[in-house]
Amino acid sequence: FEAFAQRLARARQVIVMLGAGASVSAGIPDFRSPGTGLYSQLESYGLPFPEAVFDLTFFADNPRPFYRLAKELWPGNHAPTPAHHFISLLAARGILRRCYTQNIDSLESAAGVPPELTVAAHGNFDAAHAWSASRPGGSLRRRQAVGVERLREALWQGEEAVEALNEESGGLVKPDIVFFGEQLPERFGRLVPADFDACDLLLVMGTSLQVQPFASLVDMPARDVPRLLINRELVGSFDIADAGGAGPTGADPLERLLSPPRDAFFEGDCDAGVTELARLAGLGDDLQARVAGGGGGAAGTAQASR
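Cut-offs applied
Residues numbered from 1 in each chain as written. Predicted model: local features only at pLDDT ≥ 70, side-chain atom pairs only at ≥ 80, totals over all residues. Heavy atoms only, no water. 1 Å grid on protein atoms, 1.4 Å probe; cavity = no way out; pocket = protein on both sides within 12 Å on 5 of 7 lines; lining within 4 Å. Points joined across faces, edges and corners; volume = space filled by probe spheres on them. Helix = DSSP H or I, 4+ residues; strand = E, 2+ residues; numbered from the N terminus. Buried < 20%, exposed > 50% of the residue type's maximum accessible area, 1.4 Å probe, protein only. Pairing = 2+ DSSP bridges. Axes fitted to C-alpha atoms, helices over the stretch in contact; angles between N-to-C directions. Contact = heavy atoms within 4.5 Å. Phe/Tyr/Trp six-rings, centres within 6.5 Å; stacked < 30°, edge-to-face > 60°. Lys NZ or Arg CZ within 6 Å of the ring centre and 35° of its normal. Salt bridge = Lys/Arg side-chain N within 4 Å of Asp/Glu carboxyl O. Parallel < 35°, antiparallel > 145°, perpendicular 65-115°, else oblique. Nonpolar A, V, L, I, M, F, W, Y, C, P; charged D, E, K, R; others polar.

Undergrad: Help me out: how do you make sense of the layout of surface pockets in this one?
TA: To find leftover empty space, one rolls a probe the size of a water molecule over the atoms. Computed from the structure, the second largest pocket encloses a volume of approximately 720 Å³. In this structure, the second largest pocket is lined by 33 residues; those nearest its centre are Ala120, Gly123, Asn124, Asp176 and Pro185. Elements represented by at least two residues in the lining of the second largest pocket include exactly helix H5 (107-110), strand E3 (118-120), strand E4 (123-132), strand E6 (172-177) and helix H8 (186-198). Sort the elements by how many residues they give to the lining of the second largest pocket and E4 lands first, with six residues.

Pasting the structure below:
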């Protein structure tokens, strides 16, 4: 962990991979934690299975549970966490290559991370489209764009307003959140190859690494690129052998001896992890100032193609 912090001071192409655990302290539950995760809290929604709330087929038959959830998760209801402010700090220092996030809460943006440095792998609330089938009983397809503010206003006005908006739009209006079975945003596939080729430091926070293709990104940087996992449990291909963790799981003892430590693991919450990382990297005061300021400020002069 200390060695990773030292490398952070020299890094120029940092990639952050972000999961739901980074937003828990903002009051947004993660998905899979037993008892407290979002899927555990959806029992009152009357769903056939928790994941149905993000299923297009179920949405076509009964969009009400998703609309109820969308209102609860809508950006603006929650403030960014120290984990989000840490990413903004990396951007301000010009060393953030990209933040790839699984989250749909847009808290990276609220903390001041520029949109060109963020890839919302599973979409977010920045835009909305109407979805309809070409024939009765057919699969939903994305149709015309609808102003996302119109959807927000309808959700706050109530069910009748949402139904009226759907009728006017010629389909069920949905924010551009990626449902199960949908393709990931085009920008994800376009930026991944060059980003991970250039990556010289990988920080992964608050994710179970169970959802593909996002989970596979951790294995894309070169084998000598240091990786840090900040999480409540060890997941994915991260290998922490003995004190420092060297070499891939299953490597023979000689390979472990000759391979420099690549992986580090901070077992705990994301906020605690980034606070300690910032302290060790000499960025503790900067992070505290950003957290105290609430975020949303300018994020430096880092450049990246959208």
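Undergrad: Would you mind showing me how to read the environment of Phe188 here?
TA: Considering the arrangement of structural elements, one finds Phe188 in helix H8. For Phe188, a relative accessible area of 7% corresponds to the buried category. The spatial distance from the C-alpha of Phe188 to the C-alpha of Thr118 is 9.8 Å, given a sequence separation of 70 residues.

Undergrad: Is there a simple way to think about the sheet that holds strand E7 (residues 201-205) in this case?
TA: Backbone-to-backbone hydrogen bonds join strands into a sheet, with any given pair of strands oriented parallel or antiparallel. Taken in spatial order, the six strands make up an open sheet running E3-E2-E1-E7-E8-E9, and their pairing is parallel. Strands with a single pairing partner mark the edges of an open sheet, and in this sheet they are E3 and strand E9 (263-267). Between one strand axis and the next, the sheet turns by 15° as a mean value, whatever way the strands run. Where strand E1 (residues 14-18) meets E7, five bridges bridge the pair, whose relative direction is parallel. Looking at the pairing, Val14 lines up with Leu201 of E7. Packing of helix H4 (residues 82-92) onto the sheet brings it into contact with E1, strand E2 (96-101) and E7, and relative to E1 it is tilted by some 160°.

Undergrad: I'm lost on the packing of aromatic side chains in this one. Help?
TA: Describing an aromatic ring pair means giving the distance of the ring centres and the angle of the ring planes. Counted by the stated rule, this structure contains twelve aromatic pairs. For the ring pair Phe1 and Phe266, a centre distance of 5.4 Å and an interplane angle of 40° mean the geometry is tilted. Remark: Phe266 occurs in strand E9 and Phe1 occurs in the segment before helix H1 (2-8); sequence separation between them is 265 residues. Arranged with centres 5.4 Å apart and planes meeting at 50°, the rings of Tyr100 and Phe196 form a pair that is tilted. Within this pair, whereas Tyr100 is found in strand E2, its partner Phe196 is found in helix H8, the two being separated by 96 residues in sequence. Of the aromatic side chains, those joined through ring pairs into one cluster are Phe54, Phe59, Phe66, Tyr67 and Phe179. Sitting over the ring of Trp156, Lys71 keeps its end group 5.6 Å from the ring centre. One cation-aromatic arrangement involves Arg227 over Phe238; the distance from NZ or CZ to the ring centre is 4.4 Å.

Undergrad: Is there a simple way to explain the pattern of salt bridges in this structure?
TA: With the rule as written, the count across this model stands at 13 salt bridges. Across the salt bridge formed by Arg150 and Glu168, the nearest N and O atoms sit 2.9 Å from each other. Separated by 18 residues along the polypeptide, Arg150 in helix H6 (residues 148-157) and Glu168 in helix H7 (residues 159-169) bring together distant segments of the chain. The closest approach of N and O atoms between Arg227 and Asp263, which form a salt bridge, is 2.8 Å. With Arg227 in strand E8 (residues 227-231) and Asp263 in strand E9, this residue pair connects regions lying 36 residues apart in the sequence. Per residue, the accessibility class of Arg227 equals that of Asp263, and both read buried.

Undergrad: Help me understand the sheet that holds strand E5 (residues 141-146) in this model?
TA: The strand order across the open sheet formed by three strands is E5-E4-E6, and the pairing between neighbours is antiparallel. With partners counted over all chains shown, the strands left at the sheet margins are E5 and E6, one partner each. The mean inter-strand angle of the sheet, taken between neighbouring strand axes irrespective of direction, is 50°. Running over the sheet, H6 touches E4, E5 and E6 and is turned about 85° from E4.

Undergrad: What is the right way to read the packing of H4 against helix H10 (residues 270-280) from this model?
TA: Axis angle and axis distance: for two packed helices, these are the angle between their axes and the distance between the axes, and together they describe the pair. Between H4 and H10, whose axes approach to 8 Å, the crossing angle comes to 40°. In terms of their interaxial angle, H4 and H10 are classed as oblique. Together, Pro82, Ala83 and Phe86 of H4 and Cys270, Asp271, Val274, Leu277 and Ala278 of H10 make up the contact between the two elements. Grouping the constituent residues of the contact of H4 with H10 by class yields seven nonpolar, no polar and one charged.

Everything listed here is a matter of geometry and, on its own, says nothing about what the molecule does.
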